[in-house]
Amino acid sequence: MTPPENQGHGIAAEAPIGSPAVSLCVMAKRAEYLKAASARRHGTNGFLLQARDRADGEPVSRVGFTASKKIGNAVLRNRAKRRLRALAREVLAPRAQPGWDYVLVARPDATVTRSYADLRADLEQALRSVHRGRS
């Protein structure tokens, strides 16, 4: 019997359609969140977007998600963060500027109950607003 790797050539994998122009990493340290909180921000009906230009020359953009206990119990906080992560994958990844940090902060009631299409429109508008004053 031949090993599976020698049985055939298989199908060549292709890059996914619409792959992000900028790679997104998730922020892990509290200090990164605090720096983003003191930079540009744009509030929407569904969430708050905080954005900061790190000006470090790295092409990677970082993203963070926050849902405080004001959102509700653990189930609601997790649901809010899941929705924000999905928004970041869909909207933020292709539109993120290299070298920027973004934090999406959930709003009580709104992030969980607002329609996904409205949240997507909110994020697109917030990104335009945050990057408008950019030189």
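Keep in mind the model is a prediction, meaning the values are calculated, not measured.

Draft legend 1. The packing of helix α2 (residues 74-95) against helix α4 (residues 116-132), seen in detail. Two elements in contact, α2 and α4, have axes whose closest approach is 10 Å; the angle formed by their N-to-C orientations is 40°. Relative to α4, α2 is oriented oblique. Note on packing geometry: the crossing formed by α2 with α4 is right-handed. Contact residues: α2 offers Arg83, Ala86, Leu87, Glu90, Val91, Leu92 and Arg95, while α4 offers Tyr116, Leu119, Arg120, Leu123, Glu124 and Leu127. By residue class, the composition of the contact of α2 with α4 is 8 nonpolar, no polar and 5 charged.

Draft legend 2. How the structure looks around the sheet that holds strand β1 (residues 24-26). Strand order across the open sheet formed by 5 strands is β1-β4-β5-β3-β2, with mixed pairing between neighbours. Edge positions in the sheet fall to β1 and β2 (40-43), since each of these pairs with one other strand and no more. In this sheet, neighbouring strand axes are inclined to one another by 20° on average, regardless of whether the strands run parallel or antiparallel. Relative to strand β5 (residues 100-106), strand β3 (residues 47-53) runs antiparallel, the two being bridged by 7 bridges. Paired with glutamine 50 across the bridge in β5 is valine 103. Across the sheet, α4 is in contact with β2, β3 and β5; its angle to β3 comes to roughly 35°.

Scoring rules and cut-offs
Residues numbered from 1 in each chain as written. Predicted model: local features only at pLDDT ≥ 70, side-chain atom pairs only at ≥ 80, totals over all residues. Heavy atoms only, no water. Axes fitted to C-alpha atoms, helices over the stretch in contact; angles between N-to-C directions. Helix = DSSP H or I, 4+ residues; strand = E, 2+ residues; numbered from the N terminus. Parallel < 35°, antiparallel > 145°, perpendicular 65-115°, else oblique. Left-handed = near helix turned anticlockwise from the far one by under 90°. Contact = heavy atoms within 4.5 Å. Nonpolar A, V, L, I, M, F, W, Y, C, P; charged D, E, K, R; others polar. Pairing = 2+ DSSP bridges.

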